[in-house]
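The lines below spell out each chain.
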Amino acid sequence: MEVTCLLLLALIPFHCRGQGVYAPAQAQIVHAGQACVVKEDNISERVYTIREGDTLVLQCLVTGHPRPQVRWTKTAGSASDKFQETSVFNETLRIERIARTQGGRYYCKAENGVGVPAIKSIRVDVQYLDEPVLTVHQTVSDVRGNFYQEKTVFLRCTVNSNPPARFIWKRGSDTLSHSQDNGVDIYEPLYTQGETKVLKLKNLRPQDYASYTCQVSVRNVCGIPDKAITFRLTNTTAPPALKLSVNETLVVNPGENVTVQCLLTGGDPLPQLQWSHGPGPLPLGALAQGGTLSIPSVQARDSGYYNCTATNNVGNPAKKTVNLLVRSMKNATFQITPDVIKESENIQLGQDLKLSCHVDAVPQEKVTYQWFKNGKPARMSKRLLVTRNDPELPAVTSSLELIDLHFSDYGTYLCVASFPGAPVPDLSVEVNISSETVPPTISVPKGRAVVTVREGSPAELQCEVRGKPRPPVLWSRVDKEAALLPSGLPLEETPDGKLRLERVSRDMSGTYRCQTARYNGFNVRPREAQVQLNVQFPPEVEPSSQDVRQALGRPVLLRCSLLRGSPQRIASALWRFKGQLLPPPPAVPVAAEAPDHSELRLDAVTRDSSGSYECSVSNDVGSAACLFQVSAKAYSPEFYFDTPNPTRSHKLSKNYSYVLQWTQREPDAVDPVLNYRLSVRQLNQHNTMVKAIPVRRVEKGQLLEYILTDLRVPHSYEVRLTPYTTFGAGDMASRIIHYTEPINSPNLSDNTCHFEDEKICGYTQDLTDNFDWTRQNALTQNPKRSPNTGPPTDISGTPEGYYMFIETSRPRELGDRARLVSPLYNASAKFYCVSFFYHMYGKHIGSLNLLVRSRNKEALDTHAWSLSGNKGNVWQQAHVPINPSGPFQEKRQGKEGTAPARGLKDLGEKPSPHAQAPPPNKVKAQQETLING
């Protein structure tokens, strides 16, 4: 239930003359994730370093009016699945568990239609360290002068990492180096994948038989720990060796159980055995246990190469391969080849004739063929020859050649293919030779040269083949840009000459070729014909939807245009208003061709004529509609998000005011805006305050402003703003306003920062220190921070209260500093007092320092206050008097230390009792904190 309340907020209207505040987009990239460091690389680019598996969070902070839309893209890798194809439209880009392949340059593009888009980029460098791999190689060479053999061993350590890893070689617990042992050499080989360091043991000595450790490190970058691998070198260390229990080519019958054993004949350490299959994985049901591979009830699809590989990281892996052939036959075909020498395409008495027979078999060379004539084995003679492996035909093809064809050679010939002694069924093919055996012809049936169907319907393309025997028909696409058939194949065989298509689509339109095959018929030049397929589909129109605004009394022309369709014409166009059919509009004079659009003219926009208009366009296949929403209502306001310091705190109460600014979108498109209806509601509350705000004539780009008062700290509010014209209410715009601590207060004594705002009152992290302060509260603090350190809450004791925090355990090192720097204060008094709360709790606490940097002729830092050591698990307050000689900043610096945690709660800068307060909005401060161990 919405309640109107006049006491919740006081609204002070303020009219501002047109300022033309429309401005192009500006953008800046900041990070809010688990970055190890963000630095400037060669000044020209920013680099965001993050550990693999952490969460990447990049924010694109934008300014400009209207509010810019943000789009994230990237190069050099992919941020997420199909990231480069589907850009992310959001001001915040978040990638959970980032992978190394997701590193690269990320671009934030902000655009609002004013000027050119703003594009900023940042390079994301993903840090990682894989487990190292250690392999051992050895060489034996003759030294003829002394008649002995010299054995050299190479220990190769390889790792993938970013940044490049540092290698440390150890024998036992002793670190190895060139200078300490002449018998070793450590170097980096050329042309290796990944980072590699080789430990060379020259002329192997007894003491060289030991345990060797390769330790890799990225120097704890991003907290990545070192990794290591150990290998024990003995006098029995040897690469793997294998042998097979079967021949390298194994031919079996389908249905048999196959067992292959891969036997180790050498290798120390004991090698690991693994079976693989190519192409594809091991068959379903196959079992690989150690060196034994078992395939039950083997089938033809299980044929292929099976590889047994043995590895022990010594020398090269040992590999043995079995070529498994499962006997099978399929696809029996025949060919009739007339006399080639006489270039004949017909069978004629007195000329030669060749009949060929082929099957696809495994193993192909083991197939045998038999020829029969009229049911009896064909007898060889001078005029009847059987040949094999004709070079003009596929391999292992049997041919029956009839020399000087006689009438007595007419008959039925049968070719039988078989595997002798194998339980594989024979395949046969039959061909009849007579005076009626003629080559094929192909044609398209009358009336079937052009096939027209509707999209989504089935279609049948047909070619008729005559001749004896009739060969299969092969179909293909003629269109070069669509070379594949709807089945996805470039060529498709049909035994009856009919190509059947299910649920045709518009992209199937085009020319199709049918041609005779050169098998199961005459081996002659293919005959071919063509069929045209036309797929009709409903029209596509524009605009599909359009919002039409016009002032009352002005005319409007609505136009619905045909983009595409088949047929490409408008057969009928029906106009409706709010669902009711309108009289046909006057015909549009056009040329002889069919019209490609329909128009409706409204003489004047009124309240009665405002509403939804629909134009339904048909091309006799289907219809499509253009929708128009016609009205005289005003467009929505455009909130202005770049108001400087919109929040204003009230010293004597817990309330704040907010400067709300906006422009009116396209104010001249409709009647002038008379007033705005403003409603304000505290989030999670039901009470709503409503106010009507009158305005004078609003111009495009003119900035309007209202001050909302009596808002409660630190609550957020939903604001809704609706323009009103003589037509009535226009489009509403809404936004959420949040309490943010003011950066500049009316006077210096009000310059108090509680760190409740993410902008931390204008304080910034020093770019020249070693790490940063973190803004957190009891709800957002890291649960893994060092125990028995740091404050549980801020000074208020509430879990929502924020404070600034530093953790000084690893990876922090001695001398690291974290500095928090204030804005610049324009000094107008001689003395000031800086007051703040601090929390220093933990063993070996370093120091907390307050420095003042005066900016007269040159910048000069002055040590104003310092405190070191454990001060207990309690917030304490400090008051530090300062007397800057000119404009100044103050720095809070945490320095050095193993102190795991330290907190800071700022009260701001206050003038001493003897000081004159600076002018309003002129005071800024700087904090700097160092960490000492």
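Parameters at a glance
- Residues numbered from 1 in each chain as written.
- Predicted model: local features only at pLDDT ≥ 70, side-chain atom pairs only at ≥ 80, totals over all residues.
- Heavy atoms only, no water.
- Helix = DSSP H or I, 4+ residues; strand = E, 2+ residues; numbered from the N terminus.
- Buried < 20%, exposed > 50% of the residue type's maximum accessible area, 1.4 Å probe, protein only.
- Contact = heavy atoms within 4.5 Å.
- Areas by Shrake-Rupley, 256 points an atom, 1.4 Å probe, with all protein chains shown as cover.
- Disulfide = S-S within 2.5 Å.
- Phe/Tyr/Trp six-rings, centres within 6.5 Å; stacked < 30°, edge-to-face > 60°.
- Polar contact = N/O pair within 3.5 Å; in protein donor to acceptor, adjacent residues only side chain to side chain.
- pLDDT = per-residue confidence, 0-100.
- Pairing = 2+ DSSP bridges.
- Core = buried A, V, L, I, M, F, W, Y, C linked by side-chain atoms within 4.5 Å.
- Salt bridge = Lys/Arg side-chain N within 4 Å of Asp/Glu carboxyl O.
- Axes fitted to C-alpha atoms, helices over the stretch in contact; angles between N-to-C directions.
- Lys, Arg positive; Asp, Glu negative; His and termini not counted.

Chemist: Explain the overall build of the protein to me, and be specific about the residues and the numbers.
Modeler: Of the regular secondary structure elements, the protein holds zero helices and 72 strands. Counting every position in the protein, which comprises 933 residues, the buried fraction comes to 44%. Long-range contacts, defined as pairs at least 24 residues apart, comprise 70% of the intrachain contacts of the protein with a sequence gap of at least 6. On the protein, roughly 48100 Å² of surface is accessible, and the fraction owed to carbon and sulfur atoms is 50%.

Chemist: Talk me through the state of the cysteines; I want residue IDs and the actual numbers.
Modeler: Here, disulfide denotes a covalent bond that connects the sulfur atoms of two cysteines. Tallied over the full model, the rule gives six disulfides. The side chain of cysteine 262 participates in a disulfide bridge whose partner is cysteine 308; the two sulfur atoms lie 2.1 Å from each other. Here the disulfide of cysteine 262 and cysteine 308 is left-handed, its torsion about the S-S bond being about -90°. A residue pair is termed long-range when its members are at least 10 positions apart, and cysteine 262 in strand β22 (residues 258-268) and cysteine 308 in strand β26 (residues 304-311) qualify at 46 residues. Judged by its relative accessible area of 4%, cysteine 262 is buried. Classification of cysteine 308 as buried rests on a relative accessible area of 0%. Here cysteine 357 connects covalently by a disulfide to cysteine 415, the sulfurs 2.1 Å from one another. Taking the sign of the S-S torsion, -85° for the link of cysteine 357 and cysteine 415, the bridge is left-handed. Note that cysteine 357 is positioned in strand β29 (residues 353-362) and cysteine 415 in strand β34 (residues 411-418), a separation of 58 residues in sequence.

Chemist: Please set out the packing of aromatic side chains residue by residue, giving values where relevant.
Modeler: Throughout the structure, instances matching the rule amount to 11 aromatic pairs. With 5.2 Å between their ring centres and 10° between their planes, tryptophan 662 and tyrosine 706 make a pair best called stacked. With tryptophan 662 in strand β55 (residues 655-664) and tyrosine 706 in strand β58 (residues 704-712), the pair connects residues that are 44 residues apart, well separated along the chain. Tryptophan 662 sits in the buried class, given a relative accessible area of 0%. In textbook terms, an aromatic cluster arises when at least three aromatic residues are bridged by ring pairs, as seen for Trp662, Tyr676 and Tyr706.

Chemist: Requested: an account of the environment of glutamine 299, with residues and values cited.
Modeler: Along the chain, glutamine 299 falls in the loop between β25 (292-295) and β26. In the structure, glutamine 299 is positioned 44 residues away from glycine 255 in sequence and 6.2 Å away in space, judged by C-alpha atoms. Apart from residues lying up to four places away in sequence, glutamine 299 is in contact with Gly255 and Val326. A polar contact is formed between the side chain of glutamine 299 and the backbone oxygen of serine 297, at a distance of 3.2 Å.

Chemist: So what's going on with the confidence of the model for the protein? Which residues, and what values?
Modeler: Confidence in the prediction for the protein averages 84 pLDDT; 85% of positions are at 70 or higher. In the model, residues 1-19 has pLDDT below 50 throughout and makes 51 contacts with residues more than four positions away in sequence or in other chains. The low-confidence segment residues 744-750 (pLDDT under 50) makes 20 contacts with residues lying over four places distant or belonging to another chain.

Chemist: Give me the lowdown on the pairing of strand β9 (residues 104-111), citing residues and values where you can.
Modeler: Two elements, strand β7 (residues 69-75) and β9, share seven bridges in a ladder whose sense is antiparallel. The residue bridging lysine 74 from the neighbouring strand is tyrosine 106, located in β9. Here β9 runs beside strand β10 (residues 118-129); their pairing, made up of seven bridges, is antiparallel. Within the sheet, the bridge partner assigned to cysteine 108 lies in β10 and is lysine 120. Between β9 and β10, which pair antiparallel one after the other, the connecting turn spans six residues, and glycine 113 there sits at a positive phi close to 85°.

Chemist: Could you give me a rundown of the nonpolar core, with the residues and numbers involved?
Modeler: Burial of nonpolar side chains together is a common tendency in soluble globular proteins. Counting residues in each nonpolar core, the largest one holds 30 residues, and the members touching the most others are Ile336, Leu355 and Ile433. If you list the elements that add at least two residues to this core, you get β28 (328-338), β29, β30 (368-373), β33 (398-402), β34 and β35 (427-433). If sequence neighbours within four positions are ignored, leucine 355 has contacts with Gln335, Ile336, Trp371, Ser398, Ser399, Leu400, Tyr413, Val431 and Ile433.

Chemist: Kindly report on the pattern of salt bridges, identifying the contributing residues and their values.
Modeler: Applying the stated criterion to the full structure yields 32 salt bridges. For arginine 601, the salt bridge identified is with aspartate 603, shortest N-O distance 3.9 Å. A relative accessible area of 53% means that arginine 601 is categorised as exposed. Relative accessible area serves as the criterion here: at 61%, aspartate 603 is assigned to the exposed category. Each of Arg171, Asp181, Arg205 and Asp208 takes part in salt bridges that share partners, so that together they form one network.

Chemist: Kindly report on unusual backbone geometry, identifying the contributing residues and their values.
Modeler: Note that the residue after asparagine 162, namely proline 163, is joined by a cis bond; omega there is 5°. For proline 163, the position within the fold is in the loop between β13 (161-162) and β14 (166-171). Note the cis peptide between glutamate 542 and proline 543, where omega equals 0°. Tracing the backbone through its elements, the reader meets proline 543 in the loop between β45 (528-542) and β46 (545-549). At valine 396, a position not held by glycine, the phi torsion is positive, near 55°.

Chemist: Requested: an account of the pairing of β10, with residues and values cited.
Modeler: In the sheet, β10 pairs with β13 via two bridges, with the strands oriented antiparallel. Counterpart to tyrosine 128 in the pairing with β13 is asparagine 162.

Chemist: Residues and numbers for the side chain of aspartate 409, please.
Modeler: The residue aspartate 409 is located in the loop between β33 and β34 in this model. With a relative accessible area of 8%, aspartate 409 lands in the buried category. In terms of polar contacts, aspartate 409 uses its side chain to reach the side chain of arginine 383, at 2.3 Å. A distance of 2.9 Å separates a polar atom in the side chain of aspartate 409 from the backbone nitrogen of histidine 406. Excluding its chain neighbours within four sequence positions, the residues that come into contact with aspartate 409 are Lys373, Arg383, Leu402 and Asp404.

Chemist: Provide a residue-level description of the sheet that holds strand β3 (residues 23-31), including the pertinent values.
Modeler: A sheet is described by the order of its strands in space; here three strands give the open sequence β3-β6-β8, paired in antiparallel fashion. Bordering the open sheet on either side are β3 and β8 (92-95), each of which pairs with just one other strand. When the angles between neighbouring strand axes are averaged without regard to direction, this sheet yields 15°. The pairing of strand β6 (residues 56-65) with β8 spans four bridges and is classified as antiparallel. Each bridged residue has a counterpart across the sheet, and for glutamine 59 the counterpart in β8 is threonine 92.

Chemist: Can you break down the environment of alanine 32 residue by residue, with the values?
Modeler: Residue placement: alanine 32 occurs in the loop between β3 and β4 (35-41). In sequence terms alanine 32 and glutamine 59 are 27 residues apart; their C-alpha atoms lie 7.1 Å from each other. Setting aside residues no more than four positions away along its own chain, alanine 32 makes contact with Val57 and Gln59.

Chemist: Explain the sheet that holds strand β44 (residues 521-522) to me, and be specific about the residues and the numbers.
Modeler: In space, the five strands of this open sheet follow the order β32-β33-β29-β28-β44, with mixed pairing throughout. The open sheet has two edge strands, β32 (384-388) and β44, and neither has a second partner.

Chemist: Could you give an account of the side chain of glutamate 195, naming the residues involved and the relevant values?
Modeler: Its place among the elements puts glutamate 195 in strand β17 (residues 195-201). Of the side chains with opposite charge, arginine 219 comes closest to the buried, unpaired glutamate 195, at an N-O distance of 7.2 Å. Here the side chain of glutamate 195 touches alanine 165 through a polar contact of 2.4 Å, landing on its backbone nitrogen.

Chemist: Tell me about the environment of arginine 569, and name the residues and values.
Modeler: Its location among the elements puts arginine 569 in the loop between β47 (556-566) and β48 (572-577). Given the relative accessible area of 31%, arginine 569 is considered partly exposed. It is 9.6 Å that separates the C-alpha atoms of arginine 569 and valine 617, two residues lying 48 residues apart in sequence.

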